[in-house]
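The lines below spell out each chain.
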Amino acid sequence: MTHSENDDRAAGSARNYRVSEDREGQRLDNFLLNYLKGAPRSLVYKLVRSGQVRINGGRVKADRRLEEGDQIRIPPVRIENPEDSDRTPPQGLLDALAEAIVFEDARLLALNKPSGLASHGGSGISWGAIEALRALRPKESLELVHRLDRDTSGVLVIAKKRSALTELQALLREDHGAGIRKRYLALLTGRMPDGLMSVDAPLHVGLRQGGERHVQVNPNGKPSMSHFKVLERRSGQSYCEVRIETGRTHQIRVHAQHIGHPVAGDDKYGDEAANKRLREQVGLRRLFLHASTLEFSLDAGKTPYLLNAPLAPDLVEVLDRLG
């Protein structure tokens, strides 16, 4: 893949695109990756950062959500050899994702996302789950409905039709995300009390540290609600079901830390000594947090969906070894 300013000039003049209703709510970067077929992700972000891509005449960020009627200026770009692009994920990952599909119909696809795989590329990541799926299904239009932390495994929903994406995004925007019910499984360090523990603590995304977000409980943060319930205790640790009413960045991990029982294996918000013990004694080498169930209805409540992703084998082994 080669690209230069000369290529840009040779490709012609800038284009203007008017956003239609079915594109409303889509992120700008996702729109551009689809519109500029074969363009490297790095080039798309460079075009946005440098102000060559504009919306309604103004500079914008890559995560800007499109609105119906927006006018997008797209600079001339020449893609010479898209087949030579280094964006192609390894075949092993493509095979693994094909095996990880837990549900599919005409408008949705649900993936049991492996831990360690980002939901999408960017910030130094060449490709994530959505890019790999697009490589696996090049003739389909696939869009992320939501995201999971890179280290979290479990249900990740991808829309195959624009109408489904729009309806699901509307459900996510509902008050406290009530339209979509999310259930996680987590191993928390220490002995949690019996019963349901609800954590109502606002979260604020702090400055990036080494390129990563750091979230903390802060009265000036966004309202955030999590409910923790102990399913069983094993070797002094608490295996819990977690239901969240809001979907803030790192919400479960920060709320668990806030109540003094961080998620096992969490190298950002966790207990370093406890993580070391669990790694040595039961082989826990990653975050024990799994998005197990997503429940919602489409068609104005007429079509219910209950999507499940089984607990990853490595986490099942950890529970077995804890006894």
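Quick caveat: nothing in here was measured; it's all calculated off a predicted structure. (Residues numbered from 1 in each chain as written. Predicted model: local features only at pLDDT ≥ 70, side-chain atom pairs only at ≥ 80, totals over all residues. Heavy atoms only, no water.)

**A short note on empty space enclosed by the protein**
Step number 1: Within the structure shown, the criterion is met by two cavities of 30 Å³ or more.
Step number 2: Forming the boundary of the largest cavity are Val145, His146, Val157, Leu168, Leu172, Ile180, Lys182, Leu294 and Phe296.
Step number 3: Residue composition of the lining of the largest cavity, grouped by class: seven nonpolar, one polar and one charged.
Step number 4: Taken as a whole, the second largest cavity spans an internal volume of roughly 30 Å³.
Step number 5: Along the walls of the second largest cavity sit Gln26, Arg27, Asn30, Arg65, Glu143, Leu144, Leu165 and Gln169, which together make up its complete lining.
Step number 6: Those elements that provide at least two residues to the lining of the second largest cavity are strand 7 (143-144) and helix 6 (162-173).
Step number 7: Looking at the lining of the second largest cavity residue by residue, the classes come out as two nonpolar, three polar and three charged. (1 Å grid on protein atoms, 1.4 Å probe; cavity = no way out; pocket = protein on both sides within 12 Å on 5 of 7 lines; lining within 4 Å. Points joined across faces, edges and corners; volume = space filled by probe spheres on them. Nonpolar A, V, L, I, M, F, W, Y, C, P; charged D, E, K, R; others polar. Helix = DSSP H or I, 4+ residues; strand = E, 2+ residues; numbered from the N terminus.)

**Observations concerning the environment of proline 90**
Step number 1: Within the secondary structure, proline 90 sits in the loop between strand 4 (71-74) and helix 4 (91-100).
Step number 2: Using a relative accessible area of 41% as the deciding quantity, one classes proline 90 as partly exposed.
Step number 3: Between the alpha carbons of proline 90 and alanine 132 there is a distance of 8.7 Å; along the sequence they are 42 residues apart. (Buried < 20%, exposed > 50% of the residue type's maximum accessible area, 1.4 Å probe, protein only.)

**Focus on the pairing of strand 14 (residues 237-244)**
Step number 1: Counted residue by residue, strand 14 has seven buried out of eight residues, so it is predominantly covered.
Step number 2: Where strand 9 (residues 181-188) and strand 14 come together, seven bridges link them in antiparallel fashion. Within the sheet, the bridge partner assigned to leucine 187 lies in strand 14 and is tyrosine 239.
Step number 3: Judged from the eight bridges that link them, strand 13 (residues 225-234) and strand 14 form a sheet pairing that is antiparallel. Bridged to phenylalanine 228 within strand 14 is valine 242.
Step number 4: Remark: two residues form the turn of the hairpin made by strand 13 and strand 14, two consecutive strands paired antiparallel; serine 235 in that turn has positive phi of roughly 50°. (Pairing = 2+ DSSP bridges.)

**Brief notes about the packing of aromatic side chains**
Step number 1: According to the stated counting rule, one finds six aromatic pairs in the structure shown.
Step number 2: Ring centres 5.8 Å apart and planes at 85° place the aromatic pair phenylalanine 103 and tyrosine 305 in the edge-to-face group. On the criterion of sequence distance, the pair formed by phenylalanine 103 in strand 5 (residues 101-104) and tyrosine 305 in strand 16 (residues 303-308) is long-range, its members being 202 residues apart.
Step number 3: Here phenylalanine 103 falls in the partly exposed class, since its relative accessible area comes to 28%. (Phe/Tyr/Trp six-rings, centres within 6.5 Å; stacked < 30°, edge-to-face > 60°.)

**Re the nonpolar core**
Step number 1: Counting 33 residues, the largest nonpolar core has Ile158, Tyr184, Leu188, Phe228 and Ile252 as its most contacted members.
Step number 2: Excluding residues that lie within four positions of it along the chain, isoleucine 252 makes contacts with Tyr184, Phe228, Val242, Ile244, Val263 and Leu289.
Step number 3: Formed by 20 residues, the second largest nonpolar core is a distinct cluster that contains Leu32, Val48, Leu66 and Ile74. (Core = buried A, V, L, I, M, F, W, Y, C linked by side-chain atoms within 4.5 Å. Contact = heavy atoms within 4.5 Å.)

**Some details on the packing of helix 2 (residues 28-35) against helix 3 (residues 41-49)**
Step number 1: Contact geometry of helix 2 with helix 3 gives a least axis separation of 10 Å together with a crossing angle of 125°. Classified by the interaxial angle, the pair formed by helix 2 and helix 3 is oblique. The interaxial crossing formed by helix 2 with helix 3 has right-handed handedness. Listed contacts from helix 3 to Leu28, Asp29, Leu32 and Leu33 of helix 2 are Arg41, Val44, Tyr45 and Val48.
Step number 2: Per-class residue counts for the contact of helix 2 with helix 3 are six nonpolar, no polar and two charged. (Axes fitted to C-alpha atoms, helices over the stretch in contact; angles between N-to-C directions. Parallel < 35°, antiparallel > 145°, perpendicular 65-115°, else oblique. Left-handed = near helix turned anticlockwise from the far one by under 90°.)

**Observations regarding a negative patch on the surface**
Step number 1: On the surface, a cluster of negative charge is contributed by Glu21, Glu24, Glu67 and Glu68.
Step number 2: Counting through the fold element by element, glutamate 21 comes out in the loop between strand 1 (15-18) and helix 2. (Patch = residues over 30% accessible without salt bridge, like charges linked within 9 Å, V, L, I, M, F, W, Y side chains within 5 Å. Areas by Shrake-Rupley, 256 points an atom, 1.4 Å probe, with all protein chains shown as cover. Salt bridge = Lys/Arg side-chain N within 4 Å of Asp/Glu carboxyl O. Lys, Arg positive; Asp, Glu negative; His and termini not counted. Charge placed at Lys NZ, Arg CZ, Asp CG, Glu CD.)

**Here's the deal with the confidence of the model for the protein chain**
Step number 1: In this model, the protein chain carries a mean pLDDT of 87, and residues with pLDDT of at least 70 account for 89%.
Step number 2: The element-level mean pLDDT for the protein chain is lowest in helix 1 (residues 5-10), coming to 36, with helix 7 (residues 251-258) highest at 97.
Step number 3: Low pLDDT (under 50) marks residues 1-11, which in the prediction has 24 contacts with non-local residues, meaning those over four places away or in another chain. (pLDDT = per-residue confidence, 0-100.)

**Structural notes on helix 2**
Step number 1: Burial analysis of helix 2 places six of its eight residues in the buried class, which makes it a mostly covered element.
Step number 2: Leu28, Asp29, Asn30, Phe31, Leu32 and Leu33 are the residues of helix 2 that are buried.
Step number 3: Contacts made by the buried residues of helix 2 are with strand 1, helix 3, strand 2 (54-55), strand 4, helix 5 (129-136) and strand 7.

**Section: a positive patch on the surface**
Step number 1: A grouping of Arg65, Arg147, Arg173 and Arg213 is seen on the molecular surface, where their side chains present a positively charged patch.
Step number 2: For arginine 213, the location among the structural elements is in the loop between strand 11 (203-205) and strand 12 (215-217).

**Topic: the sheet that holds strand 4**
Step number 1: The sheet built from four strands is open, its strands ordered 1-4-2-3 with antiparallel pairing. The open sheet has two free edges, formed respectively by strand 1 and strand 3 (58-59), since each of these has just one partner strand.
Step number 2: As defined by bridge partners, strand 2 adjoins strand 3 across two bridges and the pair is classed as antiparallel. Bridging from a neighbouring strand, arginine 54 pairs with arginine 59 of strand 3.
Step number 3: Contacts between helix 2 and the sheet are confined to strand 1, strand 2 and strand 4, with strand 4 contributing the most and set at about 55° to the helix.

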